[in-house]
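# Understanding the architecture of this molecule
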Amino acid sequence: MSSALTDLCPLPIVQAPMAGGVSVPALAAAVADAGGLGFLAAGYKTADGMYQEIKQLRGLTGRPFGVNLFMPQPESADAAAVDVYAHQLAGEAGWYETELGDPDSGRDDGYEAKLAVLLDNPVPVVSFHFGVPSAEVLESLRRAGTFTLVTATTPDEARAVERAGADAVIAQGVEAGGHQGTHRDNPETDGTGIGLLSLVAQIREAVGLPLVAAGGIMRGSQIAAVLAAGASAAQLGTAFLATPESGASAVHKQALTNPLFARTELTRAFSGRPARGLVNRFMREHGPYAPPAYPEIHHLTSPLRKAAAKAGDAQGMALWAGQGHRMARELPAGQLVEVLAAELAAAGTALSDRQDGGAGR
C-alpha cells in the first residue's frame, strides 16, 4: 500500500460507497474500527443529510473514513426519448399504485453545496464518481487535509484523473455492482467495459498514482490478486451489502444468494446510466428500451423502485450487485473485514510457499 493509504487504514480493504441508503454510518464505522476504510455515500442525499450522517459517523468511530460525491452531469438527454420511456412505464405506475417521478428534478445532486460542507468540515477522504472534479476543487480539498480519489474505468480516464491532481485513482472493472463510473455516458461503448485485472495492469502502466481496485471482489484471495497486479488496496461493495450493518433492504440482501437471481447484467432500465444488478422482471422488460438519460430516468423510476421495495417485490427493485454476488456472506461487517484479512494473509503465505518450493527444486 502507498504510505498515504496505509495511514488511513491498516488493511488494504475499502468499503465501497453504495448510494441509495446502503452505506450508512453503522457500516462505515464497523469497517473502519476493524482496520478497513469505511465510506458514506452522499449520492442522492441533500447536503444537510450528508452532514448529519458525517456527524453520526464521527460519534461512532474515531478512525478515518471517506465520503463519496457524484459529479454533476451534462444536459444530453433526449426529452422525447424520456417521454416515450415514461409512457412505457405507465403500467408499472398503475401496478404499484404510484406516480412516476419528475425527470427534471435536478442534475447536479447538490454538488456545490456538498463541497462547501466538506471544505468547512473536512473529512479524511473524499471520492468522486461519474467524472473528474476540477483541479481547483481537488487542490482546495488537499489544503483542507483531505485525501482524494476519483473513479476511472479506462486508462484514458485514469490519465485525466492524474492530470487533475487527485491523490489516487479507483480502477473500476466491468464486474462491479451498481453504476459504472464512466466519465462520459457514451451509449456506443455499452458492453465494452474492461475486466478488473486487465484494467489494473493497464492503469498501473498509464499513471503513477496509487490505485484502488474495484469490481466483483468478494474474497481475500482476490484482494491478493489485485495487490499483486499493482493495486494499493481493494474496494468491495457487494461483499458488504449483505452485512447486518448495511442499509440495504432484507429483500435485496436475500436476493444476492437466491437461486432465482442467477446472474447480473449492466442495464439502463432504472437510471438511464449503465449499472450492474441482478436480472429481474423490470430489467428484462424495460432494459432494452431505456434511453441514455441520467439522472432523468433515475428520477422517473424512483417512486416505482420505492413502491416495489415497500411491497417487498424484488422483481421491481434495482437489485444492484457485482458479478460475485453468489459469494456474499452474512457476517457482521467487522468480522467480514477480519475474515478477508485472514484470507489475504493465507493467500500471501501460499504464494510464498510456492515460490520457495520452486526455488528449492
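Data block above holds the structure.
Cut-offs used in this document
Throughout this description, residue numbers start from 1 for each chain and increase along the sequence as written. Note on the predicted model: pLDDT of at least 70 is required for a residue's local features to be given, and 80 or more for side-chain atom pairs to be given and counted; whole-chain, interface and lining totals, by contrast, use all residues. Side-chain measures here rest on the full set of heavy atoms in the structure, leaving out hydrogens and waters. Strands are labelled as partners when DSSP assigns at least two bridges between them. The numbering of helices and of strands both runs from the N terminus, where a helix is a DSSP run of H or I of at least 4 residues and a strand a run of E of at least 2. Salt-bridge detection follows one rule: a side-chain nitrogen of Lys or Arg within 4 Å of a carboxyl oxygen of Asp or Glu. Only protein chains enter the accessibility calculation, which uses a 1.4 Å probe; a residue whose area is less than 20% of its type maximum is buried, one above 50% is exposed, and one in between is partly exposed. The crossover handedness rule: strands pointing away from the viewer, path from first strand over the helix to second strand clockwise, crossover right-handed.

### Let's talk about the sheet that holds strand β11 (residues 275-278)
Spatially, three strands are ordered β7-β11-β10 in an open sheet, and the strand pairing comes out antiparallel. Either end of the sheet is taken by a strand with one partner, and the two such strands are β7 (178-179) and β10 (264-267). Looking at chain direction, β7 and β11 are connected through two bridges and run antiparallel. Counterpart to H179 in the pairing with β11 is A275.

### Describing the pattern of salt bridges
Under the defined criterion, the tally for this structure stands at 13 salt bridges. A salt bridge links E53 to K45; its shortest N-O distance comes to 3.9 Å. Here E53 falls in the buried class, since its relative accessible area comes to 15%. Of the charged contacts, one joins E343 and R329 as a salt bridge, the two residues approaching to 2.6 Å between their closest N and O atoms.

### Brief notes about the pairing of strand β2 (residues 38-41)
The two faces of β2 match: G38 and L40 on one face and F39 and A41 on the other face are all buried. Where β2 meets strand β3 (residues 65-70), four bridges bridge the pair, whose relative direction is parallel. Paired with G38 across the bridge in β3 is F65. Read from β2 through helix α3 (residues 47-60) to β3, the crossover connection turns out right-handed.

Honestly, that's just the spatial picture; any functional story needs more than this.
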